[in-house]
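This is what each chain is made of:
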Amino acid sequence: MQHRTRIAGGLIFALMAWSQSAAAQPAPEPAPAPPEPGAPAPPRPEVAPETPAPEQAPAPGDAAAPGDAPTPADAPEPPAPEPPEPPAPAPSEPTSEAPEPSEPTPEAPTPKEGPAGNDADDAEVSGPEIWEGEQPPLAEGHERPVPNYDGREPEPIDAGDVLIWIPRGIFYPLYAVSEYVLRRPLGALTTAIDENDVADIVGDFFTFGPNDNYGIIPSGLIDFGFRPSIGLYFFGDDVGDVDGLGVRAHVAFGGLGFYRTTASVRYQIEDAGFDTHPKMVQLKGVWERRPDWLIWGQGPDAPNEARSRYQAQFIEAIAHYEGGFWRSSYVNAFIAVRDATFGNDVCCHSIAVQEAVDRNLYDTPPLFEDGYTVGRIGTELYVDTRPQRNNYEGLASDHVSPPGTGIKIGPRVELGLGLRESFLDADQQAAQRPLYIKYGGTIGGYLDIYNQRVIGLQVVADFVDGLETGGVVPFRELTTLGGNRPLRGFIANRLYDRSAVAAQLEYTWPIWVWLDGSVHYAMGNVFGERLDNFQFDKLRQSFGFGFKDTSARDHAFEFLIAGGTDTFERGAGLDSFRLVFGSSAGF
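In this text, all values refer to a predicted model and were calculated from it rather than measured experimentally.

Novice: So what's going on with the overall build of the protein chain? Which residues, and what values?
Specialist: In terms of helices and strands, the protein chain carries 7 helices and 21 strands. Within the protein chain, the fraction of its 587 residues that count as buried is 33%. Looking at the protein chain alone, contacts between residues at least 24 apart form 60% of all its contacts between residues at least 6 apart. As presented, the protein chain carries roughly 36,700 Å² of accessible surface, and 59% of it is formed by carbon and sulfur atoms.

Novice: Go over the side chain of D448, please, and point to the residues and values.
Specialist: Among the secondary structure elements, D448 is positioned in strand β13 (residues 435-450). Of the side chains with opposite charge, R453 comes closest to the buried, unpaired D448, at an N-O distance of 7.3 Å. Of the polar contacts made by the side chain of D448, one reaches the backbone nitrogen of G404; its length is 2.7 Å. There is a polar contact of 3.4 Å between the side chain of D448 and the backbone nitrogen of N451. Apart from the residues lying within four places of it in its own chain, the contact partners of D448 are P402, P403, G404, T405, R453 and V454.

Novice: Before we move on, could you go through helix α5 (residues 172-195) and cite the residues and values that matter?
Specialist: Over its 24 residues, α5 runs 32 Å from end to end, which matches the ideal 34 Å to within 8%, given 1.5 Å per residue. The sharpest bend along α5 measures roughly 30 degrees and falls at E179. Residues of α5 that are buried include every one of L174, A176, S178, E179, L182, L186 and G187, and no others. On its buried face, α5 is in contact with β17 (499-512), β18 (515-527) and β19 (540-549).

Novice: Go over the pairing of strand β8 (residues 329-343), please, and point to the residues and values.
Specialist: Of the pairings in the sheet, the one linking strand β7 (residues 308-326) to β8 comprises 15 bridges and is antiparallel in character. Bridged to G323 within β8 is V331. Once β7 ends, the chain turns through 2 residues before running back antiparallel as β8, passing R327 with a positive phi of about 50 degrees. Pairing of β8 with strand β9 (residues 372-384), which is carried by 11 bridges, proceeds in the antiparallel orientation. Looking at the pairing, V331 lines up with L381 of β9.

Novice: Tell me about the pairing of strand β4 (residues 245-253), residues and numbers included.
Specialist: The alternating pattern of β4 places G246, R248, H250 and A252 on a buried face and L245, V247, A249, V251 and F253 on a face that is not buried. Note: strand β3 (residues 229-237) against β4, 8 bridges, orientation antiparallel. Counterpart to D237 in the pairing with β4 is G246. Relative to strand β5 (residues 259-270), β4 runs antiparallel, the two sharing 9 bridges. Note on β5: the bridge partner recorded for V247 is V265. Where β4 folds back onto β5 in an antiparallel hairpin, the turn is made up of 5 residues, including G255, whose phi is positive at roughly 100 degrees.

Novice: Just give me the short version of the packing of aromatic side chains, but keep the residues and values in it.
Specialist: Applying the stated criterion to the full structure yields 27 aromatic pairs. Centroid distance F205 to F206: 5.0 Å. Interplanar angle 90 degrees. Geometry classified as edge-to-face. Their ring planes at 25 degrees and their centres at 5.4 Å tell us that Y439 and F463 sit as a pair that is stacked. In this pair, Y439 is assigned in strand β13 and F463 in strand β14 (residues 453-466), connecting sequence segments 24 residues apart. Here a set of aromatic residues connected by ring pairs shows up, and it is made of Y310, F314, F342, F368, Y372, F475 and Y496. Sitting above the plane of the F226 ring, R290 keeps its charged end 5.0 Å from the centroid. The positively charged end of R386 is found above the aromatic ring belonging to Y446, 3.9 Å away from the centroid.

Novice: I'd like a rundown of a nonpolar patch on the surface, residues and numbers included.
Specialist: A grouping of F325, W326, L381, V383, I407, I409, I443 and V459 is seen on the molecular surface, where their side chains present a nonpolar patch of about 670 Å² in accessible area. Elements represented by at least two residues in the nonpolar patch include exactly β7, β9 and β10 (406-418). Checked against the element boundaries, I443 lands in strand β13.

Novice: Just give me the short version of the state of the cysteines, but keep the residues and values in it.
Specialist: Counted by the stated rule, this structure contains 1 disulfide. The disulfide partner of C347 is C348, and the gap between their sulfur atoms is 2.4 Å. Classification of the bridge connecting C347 and C348 rests on its S-S torsion, roughly -60 degrees, and on that basis the disulfide is left-handed. Given a relative accessible area of 34%, C348 falls into the partly exposed group.

Novice: Residue-level account of the pattern of salt bridges, with values.
Specialist: Scanning the model with the defined rule gives 27 salt bridges in all. A salt bridge links D370 to R420, with the shortest nitrogen-to-oxygen separation between them at 3.6 Å. One end of the pair, D370, is in the loop between α7 (353-358) and β9; the other, R420, is in the loop between β10 and β11 (422-423), with 50 residues separating them in the sequence. Here R420 falls in the partly exposed class, since its relative accessible area comes to 25%. The residue R488 makes a salt bridge to E558 at a minimum N-O spacing of 2.7 Å. Placement of R488 in the loop between β15 (479-481) and β16 (495-497) and of E558 in strand β20 (residues 555-565) is noted, with a sequence separation of 70 residues between them. Accessibility assignment for this pair places R488 and E558 in one class, buried. Members of the salt-bridge network, linked through shared partners, are E316, R338, R376, E414 and E477.

Novice: Before we move on, can you summarise a negative patch on the surface with the specific residues and values?
Specialist: Where like charges cluster on the molecular surface, the negative patch consists of D194, E195, D197, D200, D204 and D212. Only α5 and α6 (198-206) provide two or more residues apiece to the negative patch. Within the secondary structure, D212 sits in the loop between β1 (207-208) and β2 (214-223).

Novice: How would you sum up the confidence of the model for the protein chain? Please name residues and give values.
Specialist: Scored by pLDDT, the protein chain has a mean of 79; 74% of the residues are at 70 or more. Here residues 45-78 is a poorly scored stretch, pLDDT under 50, and it has 7 contacts once near neighbours within four places are set aside; other chains count. Considering only residues more than four positions removed or in separate chains, one finds that residues 108-131, a stretch of pLDDT under 50, has 13 contacts.

Novice: Explain the nonpolar core to me, using residue names and the numbers behind them.
Specialist: Y310, F342 and F475 are the most contacted members of the largest nonpolar core, which totals 29 residues. Among the secondary structure elements, those contributing two or more residues to this core are β6 (279-295), β7, β8, α7 and β9. Among the nonpolar cores identified, the runner-up in size contains 12 residues, and L182, V519, F545 and L579 belong to it.

Novice: Which residues make up unusual backbone geometry, and what values go with them?
Specialist: With a phi angle near 60 degrees, N360 is a residue other than glycine that sits in the positive phi range. With respect to the secondary-structure elements, N360 resides in the loop between α7 and β9. One non-glycine residue with positive phi stands out, namely A572, at about 55 degrees. Residue position: A572 is located in the loop between β20 and β21 (574-585).

Rules and cut-offs
- Residues numbered from 1 in each chain as written.
- Predicted model: local features only at pLDDT ≥ 70, side-chain atom pairs only at ≥ 80, totals over all residues.
- Heavy atoms only, no water.
- Helix = DSSP H or I, 4+ residues; strand = E, 2+ residues; numbered from the N terminus.
- Buried < 20%, exposed > 50% of the residue type's maximum accessible area, 1.4 Å probe, protein only.
- Contact = heavy atoms within 4.5 Å.
- Areas by Shrake-Rupley, 256 points an atom, 1.4 Å probe, with all protein chains shown as cover.
- Lys, Arg positive; Asp, Glu negative; His and termini not counted.
- Salt bridge = Lys/Arg side-chain N within 4 Å of Asp/Glu carboxyl O.
- Polar contact = N/O pair within 3.5 Å; in protein donor to acceptor, adjacent residues only side chain to side chain.
- Expected span 1.5 Å × (residues − 1).
- Bend = angle between axes of the 7 residues up to and from the residue.
- Pairing = 2+ DSSP bridges.
- Phe/Tyr/Trp six-rings, centres within 6.5 Å; stacked < 30°, edge-to-face > 60°.
- Lys NZ or Arg CZ within 6 Å of the ring centre and 35° of its normal.
- Patch = residues over 30% accessible without salt bridge, like charges linked within 9 Å, V, L, I, M, F, W, Y side chains within 5 Å.
- Disulfide = S-S within 2.5 Å.
- Charge placed at Lys NZ, Arg CZ, Asp CG, Glu CD.
- pLDDT = per-residue confidence, 0-100.
- Core = buried A, V, L, I, M, F, W, Y, C linked by side-chain atoms within 4.5 Å.

Below you can see the structure in the form of structure tokens.
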């Protein structure tokens, strides 16, 4: 079919070219009409004969017959230098004579004149350049310049255009990584996936159900310091043809003694939309047992030399409500029961907590010996003035993310009540029912410098107080930094105590439609009750670079390279290196 189209187009183009060429040439002169009987013969053209002929007068009986063309022998004498005009034809008799050679022949219209009757040809053409004639073909790899449609001059360069090159130079290594290592390869990969229907093939393999509303997806997680794990993530939407009813489950295995299972049933009250906010209620259960948890002791000065491990088992049931209400603001309220037990049967050729205590590296963590069972109830409220980023109406290709400038304020509070008495030491001589309150908040400001390239500064503070005189708080319920919390250059629960404070400066930018890059720098640490003994010299630093999935919170992918330092007081040397790669359950 393509060949037929090309042939037809070539013929049409040839006919058009021939018609324009024919219109540009003078019309051929037809033979002159025979003179009337008795009329003088038309003048002879001024053409010198090659051989002069003797002058002969025509005989009286030799008049030319009608229809016979005069011959050179019958032609009269050459006229004077300016021959008289031939006699005009009679009005009643049409003539087919061509215009005299002295009259100019009409030329074919130029391309810019266009065919008659086109209103667009009468309009005035604006712009710095007017196209005339056919443009020559461009060489391979070249593009035609964009026309200046509005005719306006370029905007003048201001101070902002100059100053923007300072952060561009600083962040160019990150740009080069995100552009040439991530975005372009991802773009090529996405194009190849789309052209070869890989998404449909993979989707058909991992999803099932009447509307492909069920699926099983493999997962894995590497977090340096912990055992790597592999697992499976299961999802189901509109279960039993009930709109909004969904299930989620995730199982993970990290070697003998490392097992984790999470399952939930949820009901989506309202979906996220252009002018709506997601709202849902969920029931979730967690069972986790692993022998690779790390601990360095309590307080801001917990030394790296005190590194040790413990075994932990958590069984938890949670009911919670989560919903948005204005722009990016949302509220999360929950009630839960948690049972925790700990032991010294550890992995990875590390010393256990009991051995570290025997070496006087740190004191026994609170309620480590007997574990605890607590009921928890709490809420967190985030007022965020930034518009919703990924909600839009119409076609996705027409969506433009709104500016990411705004402020975020988030207070939170949690009450913990012990459901059984726990022994405070190994001799089981004293027991106490834990009772505590956790509270804190986050305040942050964000500036979108260009299309979701956002610089954000946030300050986080958390506190936990016992509600009884000398009340004990389980060590796993104390405030922490590291892991998914600020100071991400440290592993989860690396720092814990009665209070914590941190400030973080972060720059984020979109790499792909579902992937954001980020680079951060933070300072902070944990301290005693209500920031007791807070000193600037005891702050630690954290810095890192990574990217994460923004499309699926339930099973999100993340890559992170980060580091953390010792306190300023001890020289601020590199104290921690962290590498995270993979996905985990986020529901």
